[in-house]
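# Summary of structural features
Each chain, written out:
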Amino acid sequence: MEYIFLEKTESTQDCIKKLVEEGKHDTAVLAKEQVKGRGRNGRTWVSSFGGLWFSFDTEFAEDLITLKAGVAVLEVCTKLYDCKLSLKWPNDLILNNKKVAGILCEKIGNRVVVGIGINTNNKDNLIETSTSFIKETGKSIDNEVLMKEIITGFQDYRKDVIKEFRENMAFVGEKKYVSTINKEAKIMGISDDGHLTVETENNIMNVFSGEIL
Ligand code: BTN
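Bear in mind the structure is a predicted one, so any value in this text is a computation, not a measurement.

Parameters at a glance
- Residues numbered from 1 in each chain as written.
- Predicted model: local features only at pLDDT ≥ 70, side-chain atom pairs only at ≥ 80, totals over all residues.
- Heavy atoms only, no water.
- Salt bridge = Lys/Arg side-chain N within 4 Å of Asp/Glu carboxyl O.
- Helix = DSSP H or I, 4+ residues; strand = E, 2+ residues; numbered from the N terminus.
- Buried < 20%, exposed > 50% of the residue type's maximum accessible area, 1.4 Å probe, protein only.
- Contact = heavy atoms within 4.5 Å.
- Expected span 1.5 Å × (residues − 1).
- Polar contact = N/O pair within 3.5 Å; in protein donor to acceptor, adjacent residues only side chain to side chain.

Attention now goes to the pattern of salt bridges. If you walk through the whole model with that rule in mind, you get 19 salt bridges. Measuring nitrogen to oxygen at the nearest pair gives 3.1 Å for the salt bridge that ties Glu149 to Lys79. With a gap of 70 residues between them, Glu149 in helix H4 (residues 143-155) and Lys79 in helix H2 (residues 65-81) connect regions that are remote in the sequence. For Lys79, a relative accessible area of 59% gives the class exposed. Salt-bridge contacts for Glu144 lead to Lys148; the nearest nitrogen and oxygen are separated by 3.1 Å. Taken together, the positions of Glu144 and Lys148, both in helix H4 and four residues apart, correspond to about one turn of that helix. Lys148 sits in the partly exposed class, given a relative accessible area of 30%. Ionic contacts of the salt-bridge type, sharing partners, join the residues Asp14, Arg38 and Glu106 into one network.

Note that Thr58 resides in strand S3 (residues 52-59). Filtering out sequence-adjacent residues up to four positions away, Thr58 remains in contact with Ile65, Asn110, Arg111, Val112, Val114 and Phe154.

On to H4. Over its 13 residues, H4 extends 18 Å from the first C-alpha to the last, a length consistent with the 18 Å expected when each residue adds 1.5 Å. As for H4, its buried residues are in contact with strand S1 (2-9), strand S2 (27-34), S3, H2 and strand S7 (111-118). Sitting at the head of H4, Asp142 places a side-chain oxygen 3.1 Å from the backbone nitrogen of Glu144.

This part is about unusual backbone geometry. The omega angle of the peptide bond from Trp89 to Pro90 is 0°, so this bond is cis rather than trans. By the secondary structure assignment, Pro90 is in the loop between strand S4 (85-88) and strand S5 (92-95). If you check the backbone angles, Asn41 has positive phi at about 55° while not being a glycine. Here Asn41 shows up in the loop between S2 and S3. Judged by relative accessible area, Asn41 falls into the exposed class, the value being 54%. The backbone of Asn125 sits at a positive phi, close to 60°, despite the residue not being glycine. Among the structural elements, Asn125 can be located in the loop between S7 and helix H3 (133-137).

Following this line, the structure appears as C-alpha cells:
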C-alpha cells in the first residue's frame, strides 16, 4: 500500500477514484480536512480538523466488503483503545449509543474504494447523535497509526465476518425506524448473506439496503 498525506482535499474518495481510473492500485489517502466529505445516501460528511478521514482501494472479491470493513475498524479500535464499540448495520460504529465512525464503499470496475471516517480528535461540529473518541475517552489518537492498523487489519482479515458482526451488533432486540420499510421494526440481526433481519407486526423479513435510523 502506498500512503499519501494531504492537508486538505475535497474528498479522499475522489482522490482514490481518480487513481483507480488511471489504473493505479493499492493507494491510501489521508486528509486532515475534507471540504466535500461524502457519507452514504448522498449525505454530507462533516470532516473537520482532528478527525481521521481516509480512503483506500481494494479488489472486489466478495459482497461482504462493507461489513468486513466495519468489523475490521471495530476490532482495531477495541484493541488499541479498549472501549466498547458496536456496529449499527450496515457499517456505522457506535460508542456510548452515538455514532463515532462511518464507512462508504464505492465500486469502480473490479475495485472498491473504501472510505472511512472516524471522529477521533475532533470535538466540534458533531451533531447530537454523533460523538468522537476524544469526547468519550478524553484521550487523543494518532490518526496515522490508526489508519495503518485498520488497513492491515482489513487486508489480513480471515475471521467469519457474519459471525463477528452478529456478536458486535448494536440495537438487537430494540425497536428502531428502518428506512427501507418506512416504519419501526424490531432489529433481529443479520442473515447469512449480510442483510438486516427485522420483525414487524406480522412477519420477519430481510432488508437489503437502507438503514436503521
Ligand atoms: C457514512 O456514515 O455515511 C459514511 C461516511 C464516510 C466518510 C468517509 S471520510 C473519508 C472518505 N471520504 C469521504 O468523502 N467519505 C469517506
